[in-house]
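Per-entry structural report
The lines below spell out each chain.
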Amino acid sequence: MYATVDALDYRVGEAGYFSIDGVRIDVTEGDTLNSIVQKINDSVAPVRARLDPVIHCLILGTTVASPS
């Protein structure tokens, strides 16, 4: 999954959380997109996050292989 919006200058407005596959990811006011990527990757959620280097959007990829 990937976004198509340039989010390089994004900052969290107030503390909160979001969930990925039932895994809670806490964010704090002022977190940047890079810190959110790090929090996702440090969690046990079955995804890896990265920042697209060209359009500066968030990309999430699964870490679970799908059955053939």
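Figured I'd write up the structure that's included with this text.

Per the stated rule, a full pass over the model turns up two salt bridges. Taking the shortest distance from any N to any O, the salt bridge between D26 and R24 comes out at 2.8 Å. In this structure, K39 and D31 form a salt bridge, with 2.6 Å as the shortest nitrogen-oxygen distance.

This next bit is on the side chain of D52. The residue D52 is located in the loop between β3 (47–51) and β4 (58–62) in this model. It turns out D52 is buried and unbridged, and the closest side chain with the opposite charge, R50, is 5.3 Å from it. At 2.7 Å, the side chain of D52 and the backbone nitrogen of I55 are in polar contact. Look past the residues within four positions of D52 in its chain and what remains in contact with it is C57 and I59.

To continue, consider the nonpolar core. Listed in full, the twelve residues of the largest apolar core are V12, I20, V23, I25, V27, I36, V37, I40, A45, V47, A49 and L60. Secondary-structure elements contributing two or more residues to this core are β2 (23–27), α1 (33–42) and β3.

With that settled, the discussion passes to the environment of Y2. Assignment of secondary structure puts Y2 in the segment before β1 (16–20). With a relative accessible area of 59%, Y2 lands in the exposed category. As for Y2 and A49, which are separated by 47 residues in sequence, their C-alpha atoms are 9.5 Å apart. The contact partners of Y2, leaving out residues within four places of it in the chain, are L58 and I59.

Our focus in this paragraph is the environment of V12. Topologically, V12 is positioned in the segment before β1. Once the C-alpha coordinates of V12 and T28 are considered, the two residues, 16 residues apart in sequence, prove to be 6.7 Å apart. Apart from residues lying up to four places away in sequence, V12 is in contact with V27, T28, E29, G30, D31 and I36.

Each value, and the rule that gives it
Residues numbered from 1 in each chain as written. Predicted model: local features only at pLDDT ≥ 70, side-chain atom pairs only at ≥ 80, totals over all residues. Heavy atoms only, no water. Salt bridge = Lys/Arg side-chain N within 4 Å of Asp/Glu carboxyl O. Helix = DSSP H or I, 4+ residues; strand = E, 2+ residues; numbered from the N terminus. Buried < 20%, exposed > 50% of the residue type's maximum accessible area, 1.4 Å probe, protein only. Lys, Arg positive; Asp, Glu negative; His and termini not counted. Polar contact = N/O pair within 3.5 Å; in protein donor to acceptor, adjacent residues only side chain to side chain. Contact = heavy atoms within 4.5 Å. Core = buried A, V, L, I, M, F, W, Y, C linked by side-chain atoms within 4.5 Å.

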